[in-house]
Amino acid sequence: DAKTTQPPSMDCAEGRAANLPCNHSTISGNEYVYWYRQIHSQGPQYIIHGLKNNETNEMASLIITEDRKSSTLILPHATLRDTAVYYCIVRSSYGQNFVFGPGTRLSVLP
Amino acid sequence: SAVISQKPSRDICQRGTSLTIQCQVDSQVTMMFWYRQQPGQSLTLIATANQGSEATYESGFVIDKFPISRPNLTFSTLTVSNMSPEDSSIYLCSVEAGAHEQYFGPGTRLTVT
């Protein structure tokens, strides 16, 4: 079973920030938080990952709480092309498979 | 990063037949994974395929139904055998590349009639 819980769906206005929450209250000290997204009919796409510190890349920012029991993925200026299912996954080590939960279906509205 | 291609991209097959799906990577990778995504569902891991060893199957998946080959570090195949309509899904391969990322292929959309 997935170790994370996410809201099933969210809406966001185009141009606004999309904040996608994820709870991972049973995360272990050596587990990383990963975010992937799946645009309709495509394979999942890596977005970002982190262990303890907040992370930012060209796609998004990842905010991890100090107790590491939850995190938020931030898309700073959502576009219609960001409409997708977003998966939050925890994984401990290289080579271990990803366990996908149902994810959050983000709809970016014009 | 890694670029992954899959063949075929989609197929419609008769029940009782078999289909072999190919996964090609543009770089050498040790670990490859095969996933299934049933209609409206999330991804489920079928098996892990490492070059030079037998594939490791997850609970609910067996080698007779989903035989896997991994002849080298850039290629793998998954066969869906003796197909039934319940096998209609998207089948995806992924590879471990870099320190933390897995990259996924575009998927093979299979419809069994």
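Residues numbered from 1 in each chain as written. Chains lettered and ligands numbered in written order. Predicted model: local features only at pLDDT ≥ 70, side-chain atom pairs only at ≥ 80, totals over all residues. Heavy atoms only, no water.

Draft legend 1. Fine view of the overall build of chain B. When you go through chain B residue by residue, the secondary structure sums to zero helices and eleven strands. Secondary structure elements of chain B, listed N to C terminal, follow the sequence β-β-β-β-β-β-β-β-β-β-β. Taken over the C-alpha trace, chain B has a radius of gyration of 13 Å; the compact-globule value for 113 residues is 13 Å, and the two agree within 12%. C-alpha extents for chain B along the principal axes are approximately 40 × 25 × 20 Å. Residues counted as buried form 51% of the 113 residues belonging to chain B. (Helix = DSSP H or I, 4+ residues; strand = E, 2+ residues; numbered from the N terminus. Rg over C-alpha atoms; globule rule 2.2 N^0.38 Å. Buried < 20%, exposed > 50% of the residue type's maximum accessible area, 1.4 Å probe, protein only.)

Draft legend 2. Representation of the layout of surface pockets. Quantified by volume, the largest pocket comes out at close to 560 Å³. A:H40, A:R105, B:Q37, B:G40 and B:Q41 are the residues nearest the centre of the largest pocket, which is lined by 27 residues in total. Breaking the lining of the largest pocket down by element, the ones donating at least two residues are strand 8 (84-91) and strand 9 (104-109) of chain A together with strand 9 (89-97) and strand 11 (108-112) of chain B. Its residues assigned to classes, the lining of the largest pocket comprises ten nonpolar, 15 polar and two charged. A volume near 180 Å³ is recorded for the second largest pocket. Every residue lining the second largest pocket is listed: A:R37, A:I39, A:Q42, A:G43, A:P44, A:Q45, A:Y46, B:Q102, B:Y103, B:F104, B:G105 and B:P106. For the lining of the second largest pocket, the secondary structure elements donating two or more residues are strand 4 (45-50) of chain A together with strand 10 (101-104) of chain B. (1 Å grid on protein atoms, 1.4 Å probe; cavity = no way out; pocket = protein on both sides within 12 Å on 5 of 7 lines; lining within 4 Å. Points joined across faces, edges and corners; volume = space filled by probe spheres on them. Nonpolar A, V, L, I, M, F, W, Y, C, P; charged D, E, K, R; others polar.)

Draft legend 3. Here's a closer look at unusual backbone geometry. In the segment running from B:K7 into B:P8, the intervening peptide bond is cis, with an omega of -10°. Within the secondary structure, B:P8 is located in the loop between strand 1 (4-7) and strand 2 (10-13). Positive phi outside glycine occurs at A:R68, with the angle close to 65°. Relative to the elements of secondary structure, A:R68 occurs in the loop between strand 6 (61-64) and strand 7 (70-75). A relative accessible area of 8% places A:R68 in the buried class. Unlike most non-glycine residues, B:N82 shows phi in positive territory, near 45°. Position of B:N82 relative to the elements: it lies in the loop between strand 8 (75-80) and strand 9. Looking at B:N82, the relative accessible area reads 55%, which means it is exposed.

Draft legend 4. Representation of the state of the cysteines in the model. With the rule as written, the count across this model stands at two disulfides over all chains. Disulfide pairing places A:C22 opposite A:C88 at an S-S distance of 2.1 Å. As the torsion about the S-S bond is roughly -80°, the A:C22-A:C88 disulfide counts as left-handed. With A:C22 in strand 2 (residues 18-23) and A:C88 in strand 8, this pair connects stretches of sequence that are 66 residues apart. Like A:C22, the residue A:C88 is buried in the burial classification. Shown here is the disulfide that connects B:C23 with B:C93, its sulfur atoms set 2.0 Å apart. Handedness here is read from the sign of the S-S torsion; for B:C23 and B:C93, about 75°, the answer is right-handed. (Disulfide = S-S within 2.5 Å.)

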